[in-house]
Amino acid sequence: MASASRASVPADSFRTISPGRRGEKAASAVPGDTAAATTLKGTAIPVRSVVASPRQVKGKAGREAARLRLQRLPAAQAEDPGEAAEEEEEEPLPSVPEDEEEAQPLPPVCLSRMRGMWRDEKVSLYCDQVLQDCKAEDADEVMGKYLSEKLKLKDKWLGVWKTNPNVFFVKYEEASIPFVGILVEVTCEPYQDSSSRFKVTVSVAEPFSSNIANIPRDLVDEILEELEHSVPLLEVYPVEGQDTDIHDIALALEVVRFFYDFLWRDWDDEESCENYTALIEERINLWCDIQDGTIPGPIAQRFKKTLEKYKNKRVELIEYQSNIKEDPSAAEAVECWKKYYEIVMLCGLLKMWEDLRLRVHGPFFPRILRRRKGKREFGKTITHIVAKVMTTEMIKDLSSDTLLQQHDDLDLALDNCYSGDTVIIFPGEYQAANLALLTDDIIIKGVGKREEIMITSEPSRDSFVVSKADNVKLMHLSLIQQGTVDGIVVVESGHMTLENCILKCEGTGVCVLTGATLTITDSEITGAQGAGVELYPGSTAILERNEIHHCNNLRTSDSSKSTLGGVNMKVLPAPKLKMTNNHIYSNKGYGVSILQPTEQFFIVTEEALNKRAASGDKKDDKMLFKVMQNLNLEMNNNKIEANVKGDIRIVTS
């Protein structure tokens, strides 16, 4: 079985190496991994470094080169360890010219052992075993020593060298060739200094094997000769079929790759941190929360894109520095400062997101900064008609003294609302940024079938519907979330009522924050990446005659670790929840999950929940009933079924 999809490329795509270049040092295997790409670290960059000459930026080449390699990995290498092996067996082998010696398929690489690790296991591995009590500035040295100790297990082994296609091709389609893989024999030697500890000596192994069927053997030999047969160690993946020591080496390489891919930040060793392992634990939790869907997919994607942008901008500045002459011009100095300050801004944003943990509905700051208008000065209320054209048929059921305003734009109608107003929406598709700024007591209701009154979110905005009004109602309409990262509805304070609505989520579901109250009746909630309804400590919710289904719609292979499903409660202080005649089904997590500070752990059905602890009942049933009483949770005639993990779960926080 091959570990990579196979392809053939036109002969004129390959590099040609002139005899005069054989003695020259080849370009780095990964763009940006150059001798000059060395010293920019974090945000504390002195003026002299920002406009430094090439000689001034060559201080810590080996350590920085290892990181820069990880910042520019081909797509197949940048994914979670081991994923490439599963995704690389798709395309059939295209034909190759008869005069070319065809490379054999690559053997499978060792399966990822980290993918099966639980959160606590990852924390223990990095914090207790590898890093222990090291400081941030010593992390590189510690990771290097960890690798070197593992490499002592075997001085020679077989691996697949995965490198950037730029090394071999002058032109190629990036989507079709994410990397070039060559089967090599690895020779491990003790590193002599910090610049060589992430390098390893390789030679082409027999039989000659690659994911590029018609790659010339002579070209591979010449490239390796250019590189002096020394390649980045983290670009080599041990293959299956060797002894157990090789599996230990493969795990060690995974550990180091994961550290630099996901846990290390370039500013770490320039800022004081009393407990670096605690910071690493936070980042592991952040990564796990992204993987299991606790943090909504759109937020996770934005975080990843920002982190990748930061890394790329940092590489750009380093490469720009390396090309500056001895005496930089004023224009070059200004350009360096511009690039530097862009990096500073991205760094600050990443720090904020990491510190706040991106919890479920995003950073903990008020979404609504607009003040409440209150009632109009003359005390009258207005009914706002939202339709392209207003007809007498539309208003026939309104009283004769009703004050009317007609709008063809929902956003404009909301902008003109005062407390006590009503917004009536007729069938159509609408968008309204002002739905995220509900501060006054208004009613927003559709006329007609709720499926035909569609309000969609604007993907460029973080929030969709957010309220801190004392009493706001949404009735007889459909909310369709498209790309927004916040909950589909967030009740920040006050009371919100959702009646006969359809909520099609794409991020998280309905979030009820501390002190807020929510009433949902005769509605449908579906598609949330987390829980359909998320109750924060001290919140209140009444759910009657609703359908909550197909939530915890995670875009991750690690769904086994997520418990969120239909309804999730966070306890201390306990929220209040009354559920009557709801149908909660087909969620990937639990029907109802309760996060609370106790050492007890339960998985039960609603039937067991409603049973009083009789003489002879199990201890778990008694404890469960006691916990449910303390939670102020009332459940009557609900149908909770076909949820992947179970019906109800109570678990420690």
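Residues numbered from 1 in each chain as written. Predicted model: local features only at pLDDT ≥ 70, side-chain atom pairs only at ≥ 80, totals over all residues. Heavy atoms only, no water.

Check the secondary structure of the chain and you find 14 helices and 31 strands. A burial count over the chain gives 53% of its 653 residues as buried. A sequence separation of at least 24 residues applies to 71% of the contacts in the chain between residues at least 6 apart. For the chain, the accessible surface area stands at approximately 29,100 Å², while carbon and sulfur atoms represent 49% of it. (Helix = DSSP H or I, 4+ residues; strand = E, 2+ residues; numbered from the N terminus. Buried < 20%, exposed > 50% of the residue type's maximum accessible area, 1.4 Å probe, protein only. Contact = heavy atoms within 4.5 Å. Areas by Shrake-Rupley, 256 points an atom, 1.4 Å probe, with all protein chains shown as cover.)

Our focus in this paragraph is the sheet that holds strand S2 (residues 180-187). Read across the open sheet, the five strands follow the order S4-S3-S2-S1-S5; overall the sheet is antiparallel. Two strands bound the open sheet, and with one partner strand each, they are strand S4 (230-232) and strand S5 (236-238). For this sheet the average axis-to-axis angle between neighbouring strands, irrespective of direction, equals 50°. As judged from the three bridges shared by strand S3 (residues 199-204) and S4, these two strands associate in the antiparallel manner. Within S4, the position partnered with Lys199 by the bridge is Pro232. Here helix H7 (residues 217-226) sits on the sheet and contacts strand S1 (156-163), S2, S3 and S4; the angle it forms with S3, its principal contact strand, is near 155°. (Pairing = 2+ DSSP bridges. Axes fitted to C-alpha atoms, helices over the stretch in contact; angles between N-to-C directions.)

On the basis of which strands lie adjacent, the open sheet formed by 10 strands has the order S7-S6-S8-S10-S13-S16-S19-S22-S25-S29 and parallel pairing. Where the open sheet ends on each side, the last strands, each with one partner, are strand S7 (403-407) and strand S29 (633-636). Between one strand and the next, the sheet's axes are offset by a mean angle of 10°, whatever the strand orientation. When strand S22 (residues 540-544) meets strand S25 (residues 576-580), the two strands line up parallel, connected through five bridges.

Together, Asp120, Glu121, Asp128 and Glu281 line one region of the surface with negative charge. A per-element tally of the negative patch places helix H5 (residues 119-130) first, with three residues. Given the relative accessible area of 33%, Glu281 is considered partly exposed. (Patch = residues over 30% accessible without salt bridge, like charges linked within 9 Å, V, L, I, M, F, W, Y side chains within 5 Å. Salt bridge = Lys/Arg side-chain N within 4 Å of Asp/Glu carboxyl O. Lys, Arg positive; Asp, Glu negative; His and termini not counted. Charge placed at Lys NZ, Arg CZ, Asp CG, Glu CD.)

What follows concerns unusual backbone geometry. Omega for the peptide link from Glu206 to Pro207 comes to -5°, which places this bond in the cis form. Within the secondary structure, Pro207 is located in the loop between S3 and H7. Of note in the backbone geometry, Glu228 takes a positive phi value of approximately 55° without being a glycine. The exposure class assigned to Glu228 is exposed, which follows from its relative accessible area of 59%. In this structure, Asn637 is a non-glycine residue whose phi angle is positive, near 55°.

Among the nonpolar cores identified, the biggest contains 63 residues, and Tyr126, Trp161, Phe168, Ile215 and Phe259 are the most heavily contacted of them. Listing elements by their share of this core, those giving two or more residues are H5, helix H6 (139-151), S1, S2, S3, H7, helix H8 (244-263) and helix H9 (276-292). At 11 residues, the largest contribution of residues to this core is made by H8. Ile215 has contacts with Phe14, Ala103, Phe168, Val180, Ile182, Phe208, Ser210 and Val220, leaving out every residue within four places of it along the chain. (Core = buried A, V, L, I, M, F, W, Y, C linked by side-chain atoms within 4.5 Å.)

Turning our attention to the pattern of salt bridges. Oppositely charged side chains can pair when the atoms bearing their charge come close. Summed over the entire model, instances satisfying the criterion amount to 20 salt bridges. A salt bridge links Arg283 to Asp268; the shortest N-O distance between them is 2.7 Å. Residue Arg283 is located in helix H9, and its partner Asp268 is located in the loop between H8 and H9; the two are separated by 15 residues in the primary sequence. A relative accessible area of 4% places Asp268 in the buried class. The residue Arg545 makes a salt bridge to Asp522 at a minimum N-O spacing of 2.8 Å. With a gap of 23 residues between them, Arg545 in the loop between S22 and strand S23 (547-549) and Asp522 in the loop between strand S19 (517-521) and strand S20 (524-526) connect regions that are remote in the sequence.

Moving on, we get to the pairing of S1. Counted residue by residue, S1 has six buried out of eight residues, so it is predominantly covered. Pairing geometry for S1 and S2, over eight bridges, is antiparallel. Residue Lys162 lies in a different strand from S2, and its bridge partner there is Gly181. Summarising the sheet, S1 and S5 pair through three bridges and their orientation is antiparallel. Paired with Gly159 across the bridge in S5 is Pro238.

Okay, the packing of aromatic side chains next. Tallied over the full model, the rule gives 11 aromatic pairs. Judged by centre distance (5.9 Å) and plane angle (50°), the ring pair of Phe262 and Trp287 falls under tilted. Taken together, the residues Phe262 in helix H8 and Trp287 in helix H9 connect sequence positions 25 residues apart. A relative accessible area of 10% places Trp287 in the buried class. Among the aromatic residues, those joined into a cluster by ring pairs are Tyr126, Phe258, Phe262 and Trp287. One cation-aromatic arrangement involves Arg257 over Tyr237; the distance from NZ or CZ to the ring centre is 3.7 Å. Over the aromatic face of Tyr418 sits the side chain of Lys373, whose NZ or CZ is 4.8 Å from the ring centroid. (Phe/Tyr/Trp six-rings, centres within 6.5 Å; stacked < 30°, edge-to-face > 60°. Lys NZ or Arg CZ within 6 Å of the ring centre and 35° of its normal.)

So, about the environment of Asn582. Assignment of secondary structure puts Asn582 in the loop between S25 and strand S26 (583-585). According to the relative accessible area criterion, Asn582 is buried, its value standing at 1%. Once the C-alpha coordinates of Asn582 and Asn546 are considered, the two residues, 36 residues apart in sequence, prove to be 4.8 Å apart. Not counting residues up to four positions away in its chain, the partners in contact with Asn582 are Leu543, Glu544, Arg545, Asn546, Asn637, Asn638 and Lys639. At 3.4 Å, the side chain of Asn582 forms a polar contact with the backbone nitrogen of Arg545. (Polar contact = N/O pair within 3.5 Å; in protein donor to acceptor, adjacent residues only side chain to side chain.)

What follows is about H5. Between its terminal C-alpha atoms H5 stretches 16 Å, which fits the 16 Å expected from 12 residues at 1.5 Å a residue. Among the residues of H5, Lys122, Val123, Leu125, Tyr126, Cys127 and Val130 are the ones counted as buried. All buried residues of H5 lie within an arc of 160° about the axis, which places them on one face of the element. Turned more than 90 degrees off the buried face of H5, the exposed positions are Asp120 and Asp128. On the buried face of H5, the contacting elements are H6, H8 and H9. (Expected span 1.5 Å × (residues − 1). Arc of directions from axis to C-beta.)

Another aspect to go through is the state of the cysteines. For the structure on display, the rule yields zero disulfides. Here Cys505 stays free of any disulfide, with the sulfur of Cys551 as its closest cysteine sulfur at 5.9 Å. When its relative accessible area of 11% is taken as the criterion, Cys505 is described as buried. (Disulfide = S-S within 2.5 Å.)

This brings us to the side chain of Asp440. Secondary-structure assignment places Asp440 in the loop between strand S9 (428-430) and strand S10 (443-446). With no salt bridge to any partner, buried Asp440 finds its closest opposite charge in Arg372, at an N-O distance of 4.3 Å. A distance of 3.2 Å separates a polar atom in the side chain of Asp440 from the backbone nitrogen of Lys373. Apart from residues no more than four positions distant in its own chain, Asp440 is found in contact with Arg372, Lys373, Gly374, Tyr418, Ser419, Ala469 and Val472.

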